[in-house]
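Spelled out, the chains give:
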Amino acid sequence: MRCIVTGGAGFIGSHLTDALVAQGEEVIVIDSLITGTKEHLFTHIADESVIFIEKDLCNDDWMQACAGVQRIYHLAADPDVRASAEHPKHQLQNTIIATHQVLEAMRQYHVPELIFTSTSTVYGEAMIIPTPETYTPMEPVSVYGASKLACEALISAYCHSFGIQSWIYRFANIVGARSGHGVIYDFIKKLQKNPSELEILGDGKQAKSYLSVSACVQAMLFGVEHAKKQVNYLNIGSDDWIDVTTIAEIIIAEMGLSSVTFQYTGGNKGWVGDVARMQLSCDAMKTLGWQPSVNSYESVVQAVHAALSA
């Protein structure tokens, strides 16, 4: 199959590209390299198993690459939830407008299938936990979550208007090698700078679901093969959660540190747009036959090992 991965030089995108190449797919990666890096794809580019196109999706000069493509994995977006409150226009451009451009390219070049990576933040501060795909009302509390929800609406409209089939994956916190943001990355950087003290945003009791990037990619590929609706909404996460202070303790232990003082900034949220509690129901994926291979604790430990060995 000839496919495109937008954002394929980024964190999750590069792992997905690895998996697609291993399956023998013909892969085109389109990435602006704002957050991604070609180093993640060096081997694939060198052996010509991946065609790399450095372009901004908000422009039109990449669309001809869609000719003859059967499937687009659209992962390109601005991934920083916290920064979306400081620079909301970035979300408009790099998430909503970019997604509309992808959909327009699909319409013009008759690409039949789209896989879109959405987020648990579309649910906002859900009153039902674990949260199912059918939860309402969906009231995002971050600009990031709102932009992803807007993209979901656009995708649904294009699917029904132009005969496209889609898989919309709402992710829990995905962690692992090559990640350049998030609580694990932040804590390690802080402790490398000051190994005796760690600032923790909020009260440290924020509890969320985490899943390793390898398990996430496996789930994405599984869902595409087994979910057959025109528009498929599927949560991907683990069956439990872990709090921020426990993550800090894991990192401290793995770094071999002792006598680290925690300094909490206070409040039950870490930043504007944060959600204090998040765990997704993965029953829809389980009905298809998928099970998470790791829990939140194991996913965090694996991610810390990967970050410290990088």
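Our subject is the structure that appears above.
The rules behind these values
Residues numbered from 1 in each chain as written. Predicted model: local features only at pLDDT ≥ 70, side-chain atom pairs only at ≥ 80, totals over all residues. Heavy atoms only, no water. Helix = DSSP H or I, 4+ residues; strand = E, 2+ residues; numbered from the N terminus. Buried < 20%, exposed > 50% of the residue type's maximum accessible area, 1.4 Å probe, protein only. Polar contact = N/O pair within 3.5 Å; in protein donor to acceptor, adjacent residues only side chain to side chain. Axes fitted to C-alpha atoms, helices over the stretch in contact; angles between N-to-C directions. Parallel < 35°, antiparallel > 145°, perpendicular 65-115°, else oblique. Left-handed = near helix turned anticlockwise from the far one by under 90°. Contact = heavy atoms within 4.5 Å. Pairing = 2+ DSSP bridges. Right-handed = clockwise from strand over helix to strand, strands pointing away.

Colleague: Before we move on, could you go through the side chain of Arg 170 and cite the residues and values that matter?
Modeller: Considering the arrangement of structural elements, one finds Arg 170 in strand 6 (residues 165–171). You can call Arg 170 buried: its relative accessible area is 3%. Here Glu 133 takes part through its backbone oxygen, which lies 3.2 Å from a polar atom of the side chain of Arg 170.

Colleague: Break down the packing of helix 1 (residues 11–22) against helix 6 (residues 213–226) for me, citing the residues and quoting the values.
Modeller: Relative to each other, helix 1 and helix 6 sit at 60°, their axes nearing to 10 Å. It follows that helix 1 is oblique to helix 6 by the angle criterion. Seen from above, helix 1 lies across helix 6 with right-handed handedness. When helix 1 is examined against helix 6, the residues Phe 11, Ile 12, His 15, Leu 16, Ala 19 and Leu 20 are found in contact with a partner set consisting of Val 213, Val 217, Met 220 and Leu 221.

Colleague: Any chance you could break down unusual backbone geometry for me, citing the residues and the numbers?
Modeller: Omega for the bond connecting Ile 129 with Pro 130 falls within 30 degrees of zero, at 0°, which places this linkage in the cis form. By secondary structure assignment, the location of Pro 130 is in the loop between strand 5 (113–119) and helix 4 (143–162). Note the cis peptide between Thr 136 and Pro 137, where omega equals -5°. You can see Pro 137 is positioned in the loop between strand 5 and helix 4. Positioned with a positive phi, Glu 48 is a non-glycine residue whose angle comes to about 60°. Glu 48 gets classed as exposed once you look at its relative accessible area, which sits at 69%. Positive phi is not limited to glycine here, since His 110 has a value of about 60°.

Colleague: Break down the pairing of strand 4 (residues 71–74) for me, citing the residues and quoting the values.
Modeller: Side-chain alternation along strand 4 places Arg 71 and Tyr 73 on one buried face and Ile 72 and His 74 on a second face that is also buried. Looking at chain direction, strand 4 and strand 5 are connected through four bridges and run parallel. Paired with Ile 72 across the two strands is Leu 114, which belongs to strand 5. This β-α-β element, strand 4 to helix 3 (residues 88–109) to strand 5, shows right-handed connectivity.

Colleague: Quick rundown of the environment of Gln 101? Include the residues and the values.
Modeller: Along the chain, Gln 101 turns up in helix 3. Note on Gln 101: relative accessible area 11%, which makes it buried. Each C-alpha atom of the pair Gln 101 and Ile 45 lies 25 Å from the other, and the pair is 56 residues apart in sequence. Dropping the residues within four chain positions of it, Gln 101 is found in contact with Leu 57, Cys 58, Asn 59, Asp 60, Trp 62 and Met 63. Looking at Gln 101, its side chain comes within polar contact range of the main-chain oxygen of Cys 58, at 3.3 Å. In this structure the side chain of Gln 101 is engaged in a polar contact, spanning 2.8 Å, whose partner is the side chain of Asp 60.

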